[in-house]
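Below are the chains, spelled out letter by letter.
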Amino acid sequence: MIEFKDIGLVYPNGTEGLKNINVTINDGEFVVMVGLSGAGKSTFIRSINRLVTPTSGSLLIDDEDILSYRGSDLRKLRTKIGMIFQNYNLVKRSNVLKNVLAGRLGHTGTFRSIFNLYKKEDVGLAYESLKRVNIDEKLYNRADELSGGQQQRVSIARVLTQKPKYILADEPVASLDPPTSHQVMTYLKKINKEDNITTIVNLHFIDMAMEYADRIIGMRAGEVVFDGPVSEVSEKTFEEIYGRTIREDDLRGGANES
Amino acid sequence: MTKQSNSLSQGTTPPIFPVKTKIQVTVIFFVVIGVYLFSMFWTQQQMVGGFGNAIGNMVVVIEKFFPPNLSILPAIWDPMAQTIQMAIIATTVAAVLTVPLALLSAQNITTFKPLYYFTRTLLNILRTIPDLVLAVVFVGLFGIGLFPGIIALIIFSLGILAKLISETIEAVDMNPLEAMRASGGNILQVIFYGLVPQVLPQFTSFVLYVFEINIRASVVLGLVGAGGIGLVLDQQLGFYNYPNAMAIIVLIFVVVLVIEYISNKLREALI
């Protein structure tokens, strides 16, 4: 369970990233954060694994305040939170298997990981994860030889190898075309259901948010302006979140093609 | 904005560069020309005889050097090998020592500012000392031989390598490093998984490049007593034994060419 209690975040340059956030995310939920760019979605997500640190309030994960974590506590926290990025963030010159094994770094000793002495079950797990996202035949390809959608699947496999309790996805489909976007979202949803991993996804396409989310949290200018199950959401809700009428480019489309 | 550009296009066409930039560039151009003329004037004053004598001297000197006495080749092969060994040892040690120094002087890895500035300054100071001066100092400290030459070469190549590699590190894609950090890797793991694969090709290429420089530098270092073929060359020149010196120069030339060819081929294969 993730609990934001009166969380605020002011960046060193004075910009307010988050204002007075009070949100509780329950285990197993598939939450989609929506909002325009700059609304604070990324800051919200990155607070959870402390890639950014909120400056006020308290953030509880499994009933522990993580804002005071440093060093090994912080690394331990991060091992149970997997993250997927817009730009996949793979090491382009390394092969797919090595990229996926990087998900085990937090569980592996420094010496073992530097000399590639992974435990057999870790390598097995990495291969298993690649199979789950149907990219196991690219095992030894270099990451930069893959297409965008394939790279994002590899990064999902990396997260799976981590065996996390939570998955954070920061605009996972923003660099992909519509059919591939739906494929990636389908995998995320499937993993959420099968492994019961709490998943929080940032999206700015409203049709995709509606299709995959259990619950939608809308943000504008650092504040949560909507929080509710998908059934309560209508086009009007999005107009409120975005503070303007809905346009063509707020939709990803292509749901039928995939 | 739009109004301004409209009024411009209605009148005359705008110049490609703003007037202010044009004036600046013109002024800089004439200042540079001035500096050239001034320094030409002063160096001309020093060269009293001009080129006339030099060409005459050149013929006399070159005649003395020919034909090279190639019969000494077996005898000078040992010091030549010493020179190459010096360069190999120095480059290897420098390549190992470079790793921590380059990491500490890369802004994106060493986020602790004082430490970064400290290593940067240290490396800058290191680079200002010419290799010849280093060799003279170490020959004074340890006496004539290979050891002072090796130490001088290590410090000399450390300055170049650490600078080149820290700049490569600063140019890497930081995204994978963020992903490793987000999955709970510690700093060493992040470096080995996210950074090393990205800089390894350039690292190897730079090390080979510095090795080439070291071969040539170690010849020169021999001249001040730091061992190797340079020492022998200096002795032969001291005895005015020009045919022997020429044989040594030919040997150095051939060896340097061969080594550069090999390392060029290796570099091409890497990148």
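These numbers were taken from a predicted model, which means no experiment stands behind them. (Residues numbered from 1 in each chain as written. Chains lettered and ligands numbered in written order. Predicted model: local features only at pLDDT ≥ 70, side-chain atom pairs only at ≥ 80, totals over all residues. Heavy atoms only, no water.)

## A closer look at the nonpolar core
As a reminder of what qualifies: Joining through side-chain atoms within 4.5 Å is the link that ties buried Ala, Val, Leu, Ile, Met, Phe, Trp, Tyr and Cys residues into a set, and such a set is a nonpolar core. In this scheme, a residue with accessible area under 20% of its type's maximum is buried, one over 50% is exposed, and one in between is partly exposed, where area comes from a 1.4 Å probe on protein chains only. Strands here are runs of E lasting at least two residues and helices are runs of H or I lasting at least four, both read from the DSSP assignment and numbered beginning at the N terminus. It only takes one pair of heavy atoms within 4.5 Å for two residues to be counted as in contact.
The biggest cluster of nonpolar side chains holds 91 residues, and the ones touching the most others in it are Ile156, Met185, Ile216 and Phe238 of chain A together with Ile169 of chain B. Tallying contributions element by element places helix α7 (residues 146-170) of chain B first for this core, with 11 residues. Non-local contacts of Ile169 of chain B, meaning those with residues more than four positions away in its chain, are made with Ala102, Leu103, Ala106, Asn108, Ile109, Leu195 and Val199 of chain B. Formed by 33 residues, the second largest nonpolar core is a distinct cluster that contains Ile2, Val52 and Ile217 of chain A together with Ala182 of chain B.

## Notes on the UniProt feature "transmembrane region" (unreviewed entry) in chain B
Residues and elements named next belong to chain B. What counts, and what does not: UniProt positions are given in the numbering used here, feature names are shortened, and annotations may be inferred rather than shown by experiment.
Sites flagged by UniProt as "transmembrane region" (unreviewed entry) map to residues 23-42, 83-104, 132-162, 182-201, 213-233 and 245-263. Its end C-alpha atoms 29 Å apart, residues 23-42 is made of 100% helix and 0% strand. When the span residues 245-263 is considered, its composition is 100% helix and 0% strand, and the gap between its end C-alpha atoms is 27 Å.

## What about the packing of aromatic side chains?
As a reminder of what qualifies: Only rings of Phe, Tyr and Trp enter the pairing, Trp through its six-membered ring, and a pair is recorded when the two centres are within 6.5 Å. The plane angle decides the type: under 30 degrees is stacked, over 60 is edge-to-face, the rest tilted. A ring is considered to have a charge above it if a Lys NZ or an Arg CZ atom is located within 6 Å of its centre and within 35 degrees of its normal.
According to the stated counting rule, one finds 11 aromatic pairs over all chains in the structure shown. Relative to Phe30 of chain B, the ring of Phe29 of chain B has its centre 5.4 Å away and its plane inclined at 75°; by these criteria the two rings are edge-to-face. Given the relative accessible area of 55%, Phe30 of chain B is considered exposed. Summarising the aromatic geometry, the rings of Phe41 of chain B and Trp42 of chain B are spaced 6.0 Å apart at their centres and angled 80° between planes, so their arrangement reads as edge-to-face. When its relative accessible area of 48% is taken as the criterion, Phe41 of chain B is described as partly exposed. Looking at Trp42 of chain B, the relative accessible area reads 43%, which means it is partly exposed. An aromatic cluster of three or more residues is present, and its members are Phe38, Phe41 and Trp42 of chain B. Stacked on the ring of Tyr193 of chain B, the Lys or Arg Lys98 of chain A has its end atom at 4.7 Å from the ring centre. Here the guanidinium or amino end of Lys189 of chain A rests over the ring plane of Phe30 of chain A, the centre of that ring lying 4.8 Å away.

## Examining the interface of chain A and chain B
Selection rule: Accessible surface is computed with a 1.4 Å probe, and the buried area is the amount of it that two parts give up when combined, taken over both parts together. Each reported salt bridge corresponds to a side-chain nitrogen of Lys or Arg within 4 Å of a carboxyl oxygen of Asp or Glu. Any N or O atom pair separated by 3.5 Å or less is treated as a polar contact, with the protein-specific requirement of one donor-capable and one acceptor-capable atom, and with residues adjacent in sequence counted only for side-chain atom pairs. Nonpolar residues are Ala, Val, Leu, Ile, Met, Phe, Trp, Tyr, Cys and Pro. Charged residues are Asp, Glu, Lys and Arg, and all others, Gly as well, are polar.
On the chain B side, the residues contacting the 29 residues of chain A number 20 residues. Together, the buried faces of chain A and chain B total about 2100 Å²; carbon and sulfur atoms form 58% of this surface. Counting across the interface, chain A meets chain B through 2 salt bridges. Here Lys92 of chain A makes a salt bridge to Asp173 of chain B, at a shortest N to O gap of 3.1 Å. At the boundary of chain A with chain B, the tally comes to 11 residue pairs in polar contact (both at pLDDT 80 or more). Elements with a minimum of two residues in the side of chain A that touches chain B: α2 (71-79), β6 (81-84) and α4 (110-114) of chain A. Considering only residue class, the side of chain A that touches chain B consists of 10 nonpolar, 12 polar and 7 charged.

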